[in-house]
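Chains, contacts and geometry: an overview
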Amino acid sequence: MSIKRNAVANYVGQLYSTLAGILVVPLYIHQLGMEIYGLIGFFSILLTWLQLLDVGISTTLLREAARYRANKEQNPYFPSLFGTLGKFFLISSAVLVVLGWIATPYIASHWLHAKTIPHQDLIIAVAVMVLTAAIRWRTGPFRSVIVGYEHQVWLNALNVIVITLRTFGAVFVIRFASNPVIFFFGWQLAISVAEAACCIFKSYQLVPRTGRKTKAPDFNTVIKPFLKFALGAAFSSAIWTFISQIDRLVLSKTLPLATYGSFTVVATAATGIVMLSSPIMQAIVPRMTGMKTNTGNGEQETLKLYRWTTQAVSIFMAPLSITIALYPTQLIWAWTQNALIGEQMSLVMTLYALGSGIQAICGLLYNLQYVSGNLSLHMKGFTVFAIVLIPLNIFAAMHYGALGTGVVWLGQNIFYLLVWAYIVHRKFAPKIHIPWLTRDVMLIWGVSAVVAFVSLYIPFEWNVNRWLNLLFLGIIGFINLMICCLFHSKVGESLKNMTFRRLNLRGER
């Protein structure tokens, strides 16, 4: 499979997912109101926190599937392992639903602060949320296998269909619904069931039944290394979820549901920024893993791809996050047509946009350790971070609200970039840290910041028309992106080669 083809497919799928999530926000707010939209934000948090129960299996399955595809002789028992873990997830999902339904009355009565949603509707909505979340969690390992086999074009085609039905299909359904809260979450449940069926069918095609039924001569020798890596991935995933999501969880408890809806607008934008980097990650992680497995100079090739990927992520993230950070009010007004959200959340949007852009870069540090099969440093480092950041986020959320959590979010990601990156590179990629930080990250972000600040002196007429706002922001971001593209090493090499060829042709004449 072509890494370029997969990267393009991932970007198209992720871009569509992000755009659909962004475009549907004003439709949700208009048809449902801020309080129900806040409930949708709580549903998103529920989905995120349930990933803790994955215990690292999905991410480890991706790695093992990539290794099996690269060299079946070195990893012959992956199909059997996959079959066993499928049964584990089925049983775990059933247990999860039962426990979630037991907790539903407490969540509806004591956690969520709704004023206009009927209490019985709120209980039913939370119960349906739990079932939907369990099904989507159950789907995760199957999606990981598909990604590990590099069938990402197929997966992104499915994603486009599912996301269309999940977002714009929901808008259509609730227009004619007598009870929009129940119908919205019921629709999400139906789409999740269909998505799960497709992913399970595809993964079973890739991993035939005969392989899944075959037992290893000594299955303990197969499962122990897997569990060791999976538990490491699970621990790091849990720590990261606590660090990155504890603010949103606490705010869902402390803020009124309508105000939390306003914050969800900011959270959606911040999540969208990070999500736009994931297609590159999905494309390069299996390839980097395969490089380490097959090639004699795999270490050198892996680090070269790692640096090129860092530059690519910087080129996409810097213009996007800096443009949003400098024009938060204009973006929120064009997006939601709600001036109150802009007044409440403009500075919060700036903080979260910059923090999320930097976080997309720092996510590569985890991938560098992940493809090496050694997450011990990550576990130790983020354990220390969790001890500091979890109580700090809780304190900020309880005393300063969304503004306080935004300051913490930006600060912690700057620390990851300047300090944690040095520690990781010193162990896994000696001698590349300075060029990585200066050439691959700071140069591109510096150029992007200069371009964005220059745009402040252009006399645009803002907030006259939402489409004009979006047009102006698009022009600023696109010009910024094109300028930053010139600073990728591959682009520089291509331009240099073109220049030399032209000079040689002129010399021959």
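Just above, that's the structure.
The structure contained in this document is the topic of the report that follows. Computed from a predicted model, the values in this text were never measured in an experiment.

Focus: the overall build of the protein chain
Tallying secondary structure elements over the protein chain gives 18 helices and 0 strands in all. Of the roughly 22,700 Å² of accessible surface on the protein chain, a fraction of 69% belongs to carbon and sulfur atoms.

A closer look at the packing of aromatic side chains
Following the criterion strictly, the structure yields 20 aromatic pairs and no others. With centroids separated by 6.4 Å and ring planes inclined at 20 degrees, the aromatic side chains of Y352 and W409 adopt a geometry described as stacked. Residue Y352 is located in helix α14 (residues 339-371), and its partner W409 is located in helix α15 (residues 376-428); the two are separated by 57 residues in the primary sequence. Like W409, Y352 is buried. One aromatic cluster is present, formed by F382, F385, F415, Y416 and W420 through successive ring pairs. Directly above the ring of W467 sits R466, whose terminal nitrogen or CZ lies 5.7 Å from the centroid.

Brief notes about α14
Its 33 residues place the ends of α14 46 Å apart at the C-alpha level, agreeing with the 48 Å of an ideal helix rising 1.5 Å per residue. Residue M345 marks the point of greatest curvature in α14, where the axis turns by about 60 degrees. α14 sits mainly inside the fold: 25 of its 33 residues count as buried. A distance of 3.0 Å separates the backbone nitrogen of L340 from a side-chain oxygen at the start of α14, and that oxygen is part of N338. Once α14 finishes, G373 follows within two positions and takes phi at roughly 70 degrees, a positive value.

A short note on the side chain of Q311
Here Q311 lies in helix α12 (residues 298-326). On the accessibility criterion, Q311 (1% relative accessible area) is buried. Look past the residues within four positions of Q311 in its chain and what remains in contact with it is R439, D440, I444, F487, H488 and S489.

Some points on the packing of helix α5 (residues 119-148) against helix α6 (residues 152-175)
When two helices pack together, you describe them by how their axes are tilted relative to each other and by the distance separating the axes. Running from amino to carboxyl end, α5 crosses α6 at an angle of 150 degrees, the nearest separation of the two axes being 9 Å. In terms of axis orientation, α5 runs roughly antiparallel to α6. For the pair α5 and α6, the sense of crossing is left-handed. On α6, the residues touching R136, R143, I146 and V147 of α5 are Q152, W154, L155, N159 and R166. Its residues assigned to classes, the contact of α5 with α6 comprises 4 nonpolar, 2 polar and 3 charged.

Each value, and the rule that gives it
- Along each chain, residue indices are assigned from 1 in the same order as the chain's sequence is written.
- Residues qualify for local features only when their pLDDT is at least 70, as the model is predicted, and side-chain atom pairs are given and counted only at 80 or more; totals for whole chains, interfaces and linings, by contrast, use all residues.
- Excluded from the side-chain calculations are hydrogens and water; all other atoms, namely the structure's heavy atoms, are used.
- Helix numbering and strand numbering both begin at the N terminus, where a helix is a DSSP run of H or I of at least 4 residues and a strand a DSSP run of E of at least 2.
- Methods summary: accessible areas were calculated by the Shrake-Rupley approach with a probe of 1.4 Å, and residue burial reflects only the protein chains presented.
- Planes of paired rings set the category: under 30 degrees apart is stacked, over 60 is edge-to-face and the rest tilted, where pairs are Phe, Tyr or Trp rings (Trp by its six-membered ring) whose centres lie within 6.5 Å.
- Only protein chains enter the calculation, and the probe is 1.4 Å; a residue is then buried if its accessible area is under 20% of its type maximum, exposed if over 50%, and partly exposed in between.
- We call a charge positioned over a ring when the NZ of a Lys or the CZ of an Arg lies within 6 Å of the ring centre and within 35 degrees of the ring normal.
- In this scheme, a helix's expected span is set at 1.5 Å multiplied by one less than its residue total.
- Throughout, bend refers to the angle between the axes fitted to the seven residues that end at a position and the seven residues that start at it.
- Nitrogen and oxygen atoms within 3.5 Å of one another constitute a polar contact, given that in protein one can donate a hydrogen and the other can accept it, and given that sequence-neighbouring residues count only through two side-chain atoms.
- Pairs of residues are marked as contacts when any of their non-hydrogen atoms sit within 4.5 Å.
- Orientation is described by lines fitted to C-alpha atoms, with helices fitted over the stretch in contact, and by angles between N-to-C directions that extend from 0 to 180 degrees.
- Just so you know how the angles are binned, under 35 degrees is roughly parallel, over 145 roughly antiparallel, 65 to 115 roughly perpendicular, and the rest oblique.
- Take the far helix as your reference; a near helix turned counterclockwise from it by less than a right angle gives a left-handed crossing, and one turned clockwise gives a right-handed crossing.
- Just so you know the grouping, Ala, Val, Leu, Ile, Met, Phe, Trp, Tyr, Cys and Pro go in nonpolar, Asp, Glu, Lys and Arg go in charged, and all remaining residues, Gly too, go in polar.

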